[in-house]
Amino acid sequence: MGKKVYLIYGSTGWLGGICKQLLEEGGLWEKGREGDGKEVHVSRTRLEDRKGLEEDFEKYKPTHVICSAGVTGRPNVDWCETHREETIRTNVLGTLNLADLTCSRNIHCTLFATGCIFEYDATHTIGGKGFTEDDEPNFAGSFYSKTKGYMDQMLKEYPNMLILRVRMPISNDLNPRSFVTKIVSYNKVVDIPNSMTVLPELLPLSLAMAAAGLTGTYNFCNPGAISHNQVLSAYKKHVDPDFTWENFPVEEQAKIISAGRSNNELDCTKLEKAAKDLNMPLHDIHTAVDGAMKAAREAMDKAGTWPDALPKKLGPGNKPQ
């Protein structure tokens, strides 16, 4: 099978950092796919720097590129509305650089993309059928999603690409970037069923897919849909029994945000088959979220600390009483 040489872009970020750790540690994802040794490298080269990417490939000679780099905006995607050139530079030009250069060198490339390019419609209703990998994006309510929708279709033309549509990622350590950590700090939340990605399960699966050489587009979420209230109920059950929250309608949410938000359910049949073929776990979204919140509480108890990203004094809508 030869030696596998992994090169990571975005290693200083959330997903990239976890991938780096998983790659270095090995584990179930690698079983039966080890090859003749392994190297793991990281690069700080920006994706829009085409010459820098070429130099990276000459230096490290990777067999596999893992990319979680991109512009999502801080604190959220509203940032992209007023920083459109920067968003295009990385999410469009940079991503195409990476796809083109890896393809021309026959390097397998795993890209953590997004599933926030769809919204419920007359054909895909709440509780109805989910969007498949073959469906074309129908949501451009934010500039971020608009750029990602373009890329979703263009990248399908590159046969070396493994494109993973991530949605509302959730961790088991209550990281500030986790969907759970974000919504517990909001004054009010909407309550809409959505596909979501529970990272402790899916990131090892992504590396197994890369090591096995899988390509194409995958809806990269735990099967099923879960609502905001159901996520917060799991948080309340395991992390903070005193937690309370308030809901408000999408129409009210639209008044306090600059860009629209995607709400959808993705069909994960293709991913379920891949997980089964690779002998990797993939639980339904409700089981996975419950497990992640239970693990988060256990980690907090063991550390004896309350994560800084979480409100310490809670009342209705997370406002201090």
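Scroll up a little and you will see the structure.
Residues numbered from 1 in each chain as written. Predicted model: local features only at pLDDT ≥ 70, side-chain atom pairs only at ≥ 80, totals over all residues. Heavy atoms only, no water.

## Observations regarding the overall build of the protein chain
Scanning the protein chain from N- to C-terminus turns up 11 helices and 6 strands. Computed over the C-alpha atoms, the radius of gyration of the protein chain is 19 Å, within 12% of the 20 Å expected from 2.2 N^0.38 for a compact globule of 321 residues. Based on the C-alpha atoms only, the size of the protein chain along its principal axes is roughly 60 × 40 × 35 Å. Each of the 321 residues in the protein chain was classed as buried or not, and the buried ones make up 51%. Considering only intrachain contacts with a sequence separation of at least 6, the fraction spanning at least 24 residues in the protein chain is 79%. Of the roughly 14,600 Å² that the protein chain leaves accessible, carbon and sulfur atoms contribute 50%. Taking the average location of the 38 positive side-chain charges in the protein chain and that of its 42 negative ones, the two points are 3 Å from each other. (Helix = DSSP H or I, 4+ residues; strand = E, 2+ residues; numbered from the N terminus. Rg over C-alpha atoms; globule rule 2.2 N^0.38 Å. Buried < 20%, exposed > 50% of the residue type's maximum accessible area, 1.4 Å probe, protein only. Contact = heavy atoms within 4.5 Å. Areas by Shrake-Rupley, 256 points an atom, 1.4 Å probe, with all protein chains shown as cover. Lys, Arg positive; Asp, Glu negative; His and termini not counted. Charge placed at Lys NZ, Arg CZ, Asp CG, Glu CD.)

## Looking at the nonpolar core
Ranked by size, the top nonpolar core spans 30 residues in total, and within it Trp29, Ile66, Phe112, Leu205, Met209, Phe220 and Leu271 carry the most contacts. Going through the elements one at a time, strand 1 (4-9), helix 1 (14-25), strand 5 (161-166), helix 7 (199-211) and helix 10 (269-277) are the ones with two or more residues in this core. Residue contributions to this core peak at 9 residues, all from helix 7. Setting aside chain neighbours within four positions, we find leucine 271 in contact with Leu202, Leu205, Met209, Tyr218, Asn219, Phe220, Cys221 and Leu282. In terms of nonpolar packing, the next biggest core, distinct from the first, is built from 25 residues, Val180, Val198, Phe243 and Met300 among them. (Core = buried A, V, L, I, M, F, W, Y, C linked by side-chain atoms within 4.5 Å.)

## Examining the pattern of salt bridges
All told, the structure shown has 10 salt bridges when counted by the stated rule. Note that arginine 165 is salt-bridged to aspartate 152, the shortest N-O span being 2.9 Å. Taken together, the positions of arginine 165 in strand 5 and aspartate 152 in helix 5 (residues 143-154) put the pair 13 residues apart, joining distant regions of the chain. (Salt bridge = Lys/Arg side-chain N within 4 Å of Asp/Glu carboxyl O.)

## Overview of the packing of aromatic side chains
The tally for this structure, following the rule as stated, stands at 5 aromatic pairs. Grouping aromatic residues by their ring pairs yields a cluster made of Tyr235, Phe243 and Trp245. Between the NZ or CZ atom of lysine 270 and the centre of the ring of tyrosine 218, over which it lies, the distance is 4.4 Å. (Phe/Tyr/Trp six-rings, centres within 6.5 Å; stacked < 30°, edge-to-face > 60°. Lys NZ or Arg CZ within 6 Å of the ring centre and 35° of its normal.)

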